[in-house]
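Analysis of the macromolecular model
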Amino acid sequence: RIIVNAVALADDLELLHRIQNGEEAAFEGIFQRYYPVLVGFARRMLADLELAEEAVQDVFVVFWEKKDGLVIQQSLKSYLFASVYHKCLRHTRHQK
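Everything in this summary refers to the structure shown in the same document. (Residues numbered from 1 in each chain as written. Predicted model: local features only at pLDDT ≥ 70, side-chain atom pairs only at ≥ 80, totals over all residues. Heavy atoms only, no water.)

Moving on, we get to the overall build of the protein. A count of helical and extended segments in the protein gives five helices and zero strands. A separation threshold of at least 6 residues defines the contact pool for the protein, and within that pool the share at least 24 residues apart is 56%. As presented, the protein carries roughly 6500 Å² of accessible surface, and 52% of it is formed by carbon and sulfur atoms. (Helix = DSSP H or I, 4+ residues; strand = E, 2+ residues; numbered from the N terminus. Contact = heavy atoms within 4.5 Å. Areas by Shrake-Rupley, 256 points an atom, 1.4 Å probe, with all protein chains shown as cover.)

Right, let's talk about helix α2 (residues 12–20) for a bit. Taken together, the buried positions of α2 are occupied by Asp 12, Leu 15, Leu 16, Arg 18 and Ile 19. The arc that holds the buried residues of α2, viewed along the axis, is 165°, so those residues lie on one side. (Buried < 20%, exposed > 50% of the residue type's maximum accessible area, 1.4 Å probe, protein only. Arc of directions from axis to C-beta.)

Attention shifts here to the nonpolar core. One finds Ile 30, Val 56, Phe 60, Phe 63, Leu 80 and Val 84 to be the most contacted residues of the largest nonpolar core, which totals 26 residues. At the level of secondary structure, the elements contributing two or more residues to this core comprise α2, α3 (24–46), α4 (49–65) and α5 (76–95). (Core = buried A, V, L, I, M, F, W, Y, C linked by side-chain atoms within 4.5 Å.)

Running from N to C, α3 and α5 cross one another at 35°; their axes reach a closest spacing of 10 Å. Regarding α3 and α5, the two cross each other, and that crossing is right-handed. Where α3 approaches α5, its residues Ile 30, Tyr 34, Val 37, Leu 38, Phe 41, Ala 42, Met 45 and Leu 46 are matched on the opposing element by Leu 76, Lys 77, Leu 80, Phe 81, Val 84, Tyr 85, Cys 88, Leu 89, His 91 and Thr 92. (Axes fitted to C-alpha atoms, helices over the stretch in contact; angles between N-to-C directions. Left-handed = near helix turned anticlockwise from the far one by under 90°.)

The subject of this paragraph is the pattern of salt bridges. Pairing between side chains becomes possible if they bear opposite charge and their charged atoms approach one another. For the structure shown, the criterion picks out four salt bridges. Glu 14 is the salt-bridge partner of Arg 18, the closest N and O atoms lying 3.2 Å from each other. With a gap of four residues between them, Arg 18 and Glu 14 both fall in helix α2, about one helical turn apart. Lys 87 is paired through a salt bridge with Asp 58; the nearest N and O atoms lie 3.4 Å apart. A residue pair is termed long-range when its members are at least 10 positions apart, and Lys 87 in helix α5 and Asp 58 in helix α4 qualify at 29 residues. Taken together, the shared-partner salt bridges in this structure form one network comprising Glu 14, Arg 18 and Glu 23. (Salt bridge = Lys/Arg side-chain N within 4 Å of Asp/Glu carboxyl O.)

So, about the packing of aromatic side chains. For the structure on display, the rule yields seven aromatic pairs. Ring geometry for Phe 31 versus Tyr 35: centroids 4.7 Å apart, planes at 25°, classification stacked. Taken together, the residues Phe 31 and Tyr 35, both in helix α3 and four residues apart, mark about one turn of the helix. Here the aromatic cluster, defined as three or more aromatic residues joined through ring pairs, consists of Phe 27, Phe 31, Tyr 35, Phe 60, Phe 63, Trp 64 and Tyr 79. Directly above the ring of Trp 64 sits Lys 67, whose terminal nitrogen or CZ lies 4.1 Å from the centroid. (Phe/Tyr/Trp six-rings, centres within 6.5 Å; stacked < 30°, edge-to-face > 60°. Lys NZ or Arg CZ within 6 Å of the ring centre and 35° of its normal.)

Its boundaries defined by the atoms lining it, the largest pocket holds a volume of some 170 Å³. Lining the largest pocket, in full, are Asp 58, Val 59, Val 62, Phe 63, Tyr 79, Ala 82, Ser 83, His 86, Lys 87 and Arg 90. When residues of the lining of the largest pocket are traced back to their parent elements, those giving at least two are α4 and α5. Of the residues assigned to the lining of the largest pocket, the class counts are five nonpolar, two polar and three charged. (1 Å grid on protein atoms, 1.4 Å probe; cavity = no way out; pocket = protein on both sides within 12 Å on 5 of 7 lines; lining within 4 Å. Points joined across faces, edges and corners; volume = space filled by probe spheres on them. Nonpolar A, V, L, I, M, F, W, Y, C, P; charged D, E, K, R; others polar.)

Written out as structure tokens, the structure is:
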């Protein structure tokens, strides 16, 4: 018998709706799903693991804080990658 985590099986759109209803487990599911790949993406942009982790964590904090009014035009994955990309760009601009 296999026990499956319902959050792991849920698609991004379903999890987004659950997050907007304040469900922390859904947020954690999205975090676990995307955090590693987003950190890898940010690390390639920033060339620093610690800065990459901080940038991705900041994006997730803002995502949670703005969950009620969040309008995502593309996929959640695209939204998160775009948010991390812009966060990294802002960081590199401030470093110059």
